[in-house]
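Residues per chain, in single letters:
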There are 2 protein chains.
Amino acid sequence: MWPLSRQNQPKQFLALMGDRSLFQETVLRAQALDGVQAPVTVCSEDHRFMVGEQLQAVGVASGGILLEPVARNTAPAIALAALHVLEHDPDGTLLVMPADHLIEDESAFRAAVATARTLADDGWLAAFGIRPDYAETGYGYILRGDALGEEGGFRIERFVEKPDLATAERYLAEGTYAWNSGMFLFRADRYLQELGRHAPQMLDAVRDAYGARTSDLDFTRIPEAGFAASPSDSIDYAVMEKTDRAAVVPVSCGWSDIGSWSSLWAVAERDDDDNRHEGDVISVDTRGSLVRASERRMIATLGVEDLVVVDTADATLVAHKDRVQDVKIVVDRLKKAGRQEHLFHRKVYRPWGSYDSIGVGPRFQVKRIVVKPGAALSLQKHAHRAEHWIVVSGIAEVTCDDRVFDLRENESTYIPRGSVHRLRNNGSEPVELIEVQSGSYLGEDDIVRLEDVYGRS
Amino acid sequence: MWPLSRQNQPKQFLALMGDRSLFQETVLRAQALDGVQAPVTVCSEDHRFMVGEQLQAVGVASGGILLEPVARNTAPAIALAALHVLEHDPDGTLLVMPADHLIEDESAFRAAVATARTLADDGWLAAFGIRPDYAETGYGYILRGDALGEEGGFRIERFVEKPDLATAERYLAEGTYAWNSGMFLFRADRYLQELGRHAPQMLDAVRDAYGARTSDLDFTRIPEAGFAASPSDSIDYAVMEKTDRAAVVPVSCGWSDIGSWSSLWAVAERDDDDNRHEGDVISVDTRGSLVRASERRMIATLGVEDLVVVDTADATLVAHKDRVQDVKIVVDRLKKAGRQEHLFHRKVYRPWGSYDSIGVGPRFQVKRIVVKPGAALSLQKHAHRAEHWIVVSGIAEVTCDDRVFDLRENESTYIPRGSVHRLRNNGSEPVELIEVQSGSYLGEDDIVRLEDVYGRS
């Protein structure tokens, strides 16, 4: 979903509708269920601070953040979570939820979860199947078999790949097929048993890797050497299609996979002209369009139809709504040109807060920096640049070589090139400051970290 | 041509194609003619510094900048220029050129000017008529009468208003009609004679107002009381349609009136897909579109056709190419909402240079300021804000209460609230600095100017 999603900030961490990200919505949806424990998150190392911060922002205590050192698809990732849960609860049940979808009808979802729990208690591995309301060709389907009791669960007859349109229409008409949502519910021990039966090499590798885990702040690190030894496979292929205890719970819960800007438009509330606006938009004779303005800039649309317009600090996309899946062509061009607009946003999140490069020139750069309460940047120095800091809100504790002093709103200081410095926020409000960098080289890699509370030195 | 044009920066001062504004192109076109004097510019007070700066930027010495205190249409404005020219040269001839059009074939234009000069020498008032190459309904037309000698001039039979399409097609077929370009050539004294004959009240008012003019730096100020007494009328109505010495010189010189983004697209060089791109644009399956990116931000277009996309620091327009004339609807909405995006750009030009508000927050604002060589801001103070200045290039002379000192690259200073201060550039390179304002009120109107070299105190 470029340009809003970037490599270091994929769509599950974006607030695509409203104030919360898809990840936050997913976590809160799970928290609303009866008898649920703190969520366990499996994510890549790149996203660890974002996961921690987004959990904190919605007031959800973490049940563990497990860092995949390399991507090995869903089956090994879920195995990590299962091992982690079993550490604390030998009877633990996993509700597995990808963090990139929307669910409108939470009560229907809760009812399906209750059904799946009764199946899990009997040793079934339950998949949530979404009852199709149109002939979608972009999803895999699950064909149900015999009913398992009265509560709405079925044996899985088989999994089928993304169909062509005629096949999808037949699936829709037959009424026994459901979309594969990627959500599952099962006892942790049962998942590992079935994994051991059908993918023993994977289970061994994951178990070894998990055994060699280390703790790092709030994160559980899985060593790369061990985890990389696991085959890469999805839970569908590795377990669900092979076990004879696979069940499906069909549900109509307004589920949608936000795969593109057009699918977001399709599920969003729209105005009388079928438009969805976010931010500061002036719309004249515009129909069927999704328009998303960014901070400090308005977008005006005039006499257009079926467009997607998404603005960010450094890139704007103007696309036909039926072509948004080809935004990957744009991203490929950015890659080939060695650019950065597909990798990072101009505003960069760090464990201690964020910075945004608001002005650049030949030998200077201006950054707007926010330091969270209680946070500290690393003790660091730069070989090629000096820095001026002007605090515009909060109270910063500044270390500059031998001196440690407070800097308040409307106070400034100078960090000479080569001096050892640190910025810390001991207060309860965010510190915001303007940094003016001056020097012959201003790259982010001109930094020597001498000490870092986030383990980056 | 919003969002690039704003009330304080109309289209003639914009670099719409290439690096030079339409005003600069017009001045340079005139300078290339034989025997031409320094240009006299008639403009509103709001645009005086822009005119001065744009002349300087292309190295053209000014022949006078006359400030209209109120708008009275073209006949009085041209009368001001005629009076000004006659001060220096009783035989002076005026080539009158609006500053908002393009001419592709400068040699055809030069030949037409030569023809018009011979007519002017004989006392004719010559209009340049553009030979139509299609049936345009948006322009007024001039019907030619008898030929005046061998050189290509004709008596004007009559002026006609913008025609409907059938009439325009007939005009095109008949071959005796030309578009009224708004360009004229005549002796200054002859213009005033004819004005005195056909609009004596106008001539009297303008003559009185010009007589009471004052000098202010490089500008000639016309007092409002006198000039406002003149009737408001165009040269066409007030003089050209009434005099019996009106001539037309038909010419095919690739003239175009840049009235909208679509007319700019129509005359611009375009790529194989009929697109015109300015700035950092990535275009995928895009056809027939004008896309203009602004500094520090890219635009990607995907699967779209016949669009106009124009980005600026604070506003982006996405319009169908056939609807761009309705951008006035957007501007009206901005007016009604009491906004500023139709009045000013984020980057504001001042006689001493420019500033750009690159960051704002609850009690602070960050500006990037450029001071031209030899220029100085006013001696000023602020009741509600303090300022931090960090020089990032050049050498600034800073006055702060009793102290006067130089500030070099990577040096900073603090201007306390209420202190009397000034910034001056005595060097030969621009001074660039970052200003961080801090305070409870940060509006531009919190300023007391104690002294100003530009007459603004």
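Residues numbered from 1 in each chain as written. Chains lettered and ligands numbered in written order. Predicted model: local features only at pLDDT ≥ 70, side-chain atom pairs only at ≥ 80, totals over all residues. Heavy atoms only, no water.

As annotated in an unreviewed UniProt entry, chain A carries the name Xanthan biosynthesis protein XanB and is attributed to Marilutibacter maris. Under the UniProt heading Function (unreviewed entry), the entry covering chain A gives this text: "Involved in xanthan production." Quoted straight from UniProt, the Catalytic activity (unreviewed entry) entry for chain A says "alpha-D-mannose 1-phosphate + GTP + H(+) = GDP-alpha-D-mannose + diphosphate". (UniProt positions renumbered as here; feature names shortened; annotations may be inferred.)

K.L.:
Talk me through the overall build of chain A; I want residue IDs and the actual numbers.
P.N.:
Within chain A, the secondary structure is distributed over 11 helices and 29 strands. At 25 Å, chain A has a C-alpha radius of gyration in line with the 23 Å of a compact globule built from 457 residues. Its C-alpha atoms give chain A principal-axis dimensions of roughly 75 × 60 × 40 Å. Of all intrachain contacts in chain A linking residues separated by at least 6 positions in sequence, the fraction that spans at least 24 positions is 66%. Just so you have it, chain A exposes about 19,400 Å², and 45% of that area is on carbon and sulfur atoms. The averaged location of the 71 negative side-chain charges in chain A is 5 Å from the averaged location of its 51 positive side-chain charges. (Helix = DSSP H or I, 4+ residues; strand = E, 2+ residues; numbered from the N terminus. Rg over C-alpha atoms; globule rule 2.2 N^0.38 Å. Contact = heavy atoms within 4.5 Å. Areas by Shrake-Rupley, 256 points an atom, 1.4 Å probe, with all protein chains shown as cover. Lys, Arg positive; Asp, Glu negative; His and termini not counted. Charge placed at Lys NZ, Arg CZ, Asp CG, Glu CD.)

K.L.:
I'd like a description of the sheet that holds strand E19 (residues 347-350) of chain B, backed by residues and values.
P.N.:
Residue and element names in this part refer to chain B. The strand order E19-E20-E21-E28-E23-E26 describes an open sheet built from 6 strands, whose pairing is antiparallel. In this open sheet, the two edge strands, each paired with only one partner strand, are E19 and strand E26 (412-415). Across the sheet, the mean angle separating the axes of adjacent strands is 20 degrees when strand polarity is ignored. (Pairing = 2+ DSSP bridges. Axes fitted to C-alpha atoms, helices over the stretch in contact; angles between N-to-C directions.)

K.L.:
An account of the domain arrangement of chain A is needed here, citing residue identities and associated values.
P.N.:
Split into domains, chain A comes out as domain 1 (17-257), domain 2 (269-336) and domain 3 (347-451). Computed from C-alpha atoms alone, the centre-to-centre distance between domain 1 of chain A and domain 2 of chain A is 32 Å. (Domains from an automatic or database assignment.)

K.L.:
Please provide a residue-by-residue account of the side chain of serine 21 of chain B, values included.
P.N.:
All names here are of chain B. Tracing the backbone through its elements, the reader meets serine 21 in the segment before helix H1 (22-31). Serine 21 sits in the buried class, given a relative accessible area of 1%. Leave out the neighbours within four places in its chain, and serine 21 touches Gln12, Phe13, Leu14, Ala15 and Gln54. (Buried < 20%, exposed > 50% of the residue type's maximum accessible area, 1.4 Å probe, protein only.)

K.L.:
Lay out empty space enclosed by the protein with the relevant residues and their values.
P.N.:
A full pass over the atoms with the stated rule returns 1 cavity of 30 Å³ or more. Space inside the largest cavity adds up to approximately 50 Å³. In terms of residue class, the lining of the largest cavity is made up of 6 nonpolar, 1 polar and 2 charged. (1 Å grid on protein atoms, 1.4 Å probe; cavity = no way out; pocket = protein on both sides within 12 Å on 5 of 7 lines; lining within 4 Å. Points joined across faces, edges and corners; volume = space filled by probe spheres on them. Nonpolar A, V, L, I, M, F, W, Y, C, P; charged D, E, K, R; others polar.)

K.L.:
Please set out the interface of chain A and chain B residue by residue, giving values where relevant.
P.N.:
On the chain B side, the residues contacting the 60 residues of chain A number 60 residues. The largest per-residue losses of area from chain A upon contact with chain B belong to Arg296, Leu302 and Val318 of chain A, which jointly make up 15% of the total buried on that side. Between chain A and chain B we count 6 salt bridges in total. Residues glutamate 409 of chain B and arginine 363 of chain A are paired through a salt bridge, measuring 2.6 Å at the closest nitrogen-oxygen approach. Linking chain A to chain B there are 30 residue pairs in polar contact (both at pLDDT 80 or more). Examining the composition of the side of chain A that touches chain B, we find that 6 residues originate from one element, strand E18 (residues 315-320) of chain A, more than from any other. Classifying every residue of the side of chain A that touches chain B by side-chain character gives 30 nonpolar, 13 polar and 17 charged. In the sheet, E18 of chain A pairs with strand E16 (residues 298-302) of chain B via 5 bridges, with the strands oriented parallel. The partner of leucine 317 of chain A across the bridge, within E16 of chain B, is alanine 300 of chain B. (Buried area = accessible area lost by both parts, 1.4 Å probe. Salt bridge = Lys/Arg side-chain N within 4 Å of Asp/Glu carboxyl O. Polar contact = N/O pair within 3.5 Å; in protein donor to acceptor, adjacent residues only side chain to side chain.)

K.L.:
Summarise the environment of serine 230 of chain A; cite the residues concerned and give the values.
P.N.:
Residues and elements named next belong to chain A. Here serine 230 lies in the loop between helix H8 (224-228) and helix H9 (235-240). Remark: the alpha-carbon pair of serine 230 and proline 200, spanning 30 residues in sequence, is separated by 9.9 Å. Not counting chain neighbours up to four residues away, the residues in contact with serine 230 comprise Arg72, Pro76, Met202, Ala205 and Val206.

K.L.:
Go over the packing of aromatic side chains, please, and point to the residues and values.
P.N.:
This model, assessed by the stated rule, comprises 24 aromatic pairs over all chains. Note on tyrosine 171 of chain A and tyrosine 177 of chain A: the rings are 3.8 Å apart at their centroids and 15 degrees apart in plane angle, and the pair reads as stacked. Each of the two residues, tyrosine 171 of chain A as well as tyrosine 177 of chain A, counts as buried. With centroids separated by 5.0 Å and ring planes inclined at 70 degrees, the aromatic side chains of tyrosine 139 of chain B and tryptophan 179 of chain B adopt a geometry described as edge-to-face. In this pair, tyrosine 139 of chain B is assigned in the loop between strand E5 (125-130) and strand E6 (141-148) and tryptophan 179 of chain B in strand E8 (residues 177-187), connecting sequence segments 40 residues apart. One exposure class covers both tyrosine 139 of chain B and tryptophan 179 of chain B, and it is buried. Lying over the aromatic face of phenylalanine 154 of chain B, arginine 144 of chain B brings its terminal NZ or CZ to 4.3 Å of the ring centre. (Phe/Tyr/Trp six-rings, centres within 6.5 Å; stacked < 30°, edge-to-face > 60°. Lys NZ or Arg CZ within 6 Å of the ring centre and 35° of its normal.)

K.L.:
Residues and numbers for unusual backbone geometry, please.
P.N.:
A negative phi angle characterises most non-glycine residues, just as the trans form characterises most peptide bonds. Cis geometry is found at the peptide bond from tryptophan 2 of chain A to proline 3 of chain A, where omega equals 5 degrees. Of note in the backbone geometry, asparagine 410 of chain B takes a positive phi value of approximately 75 degrees without being a glycine. With respect to the helices and strands, the residue asparagine 410 of chain B is situated in the loop between strand E25 (403-407) and E26. Since its relative accessible area comes to 18%, asparagine 410 of chain B is described here as buried.

K.L.:
Just give me the short version of the pattern of salt bridges, but keep the residues and values in it.
P.N.:
With the rule as written, the count across this model stands at 60 salt bridges over all chains. Arginine 422 of chain A is the partner of glutamate 451 of chain A in a salt bridge, and the nearest nitrogen-oxygen pair spans 2.8 Å. A residue pair is termed long-range when its members are at least 10 positions apart, and glutamate 451 of chain A in strand E29 (residues 448-451) and arginine 422 of chain A in strand E27 (residues 421-424) qualify at 29 residues. Note on glutamate 451 of chain A: relative accessible area 43%, which makes it partly exposed. Residue arginine 6 of chain B pairs with aspartate 314 of chain B through a salt bridge whose shortest N-O separation is 2.9 Å. One end of the pair, arginine 6 of chain B, is in the segment before H1; the other, aspartate 314 of chain B, is in the loop between strand E17 (307-311) and strand E18 (315-320), and 308 residues separate them in sequence. Just as arginine 6 of chain B is buried, aspartate 314 of chain B falls in that class too. Through salt bridges with shared partners, a single network forms among Glu45, Arg48, Asp216 and Arg221 of chain A.

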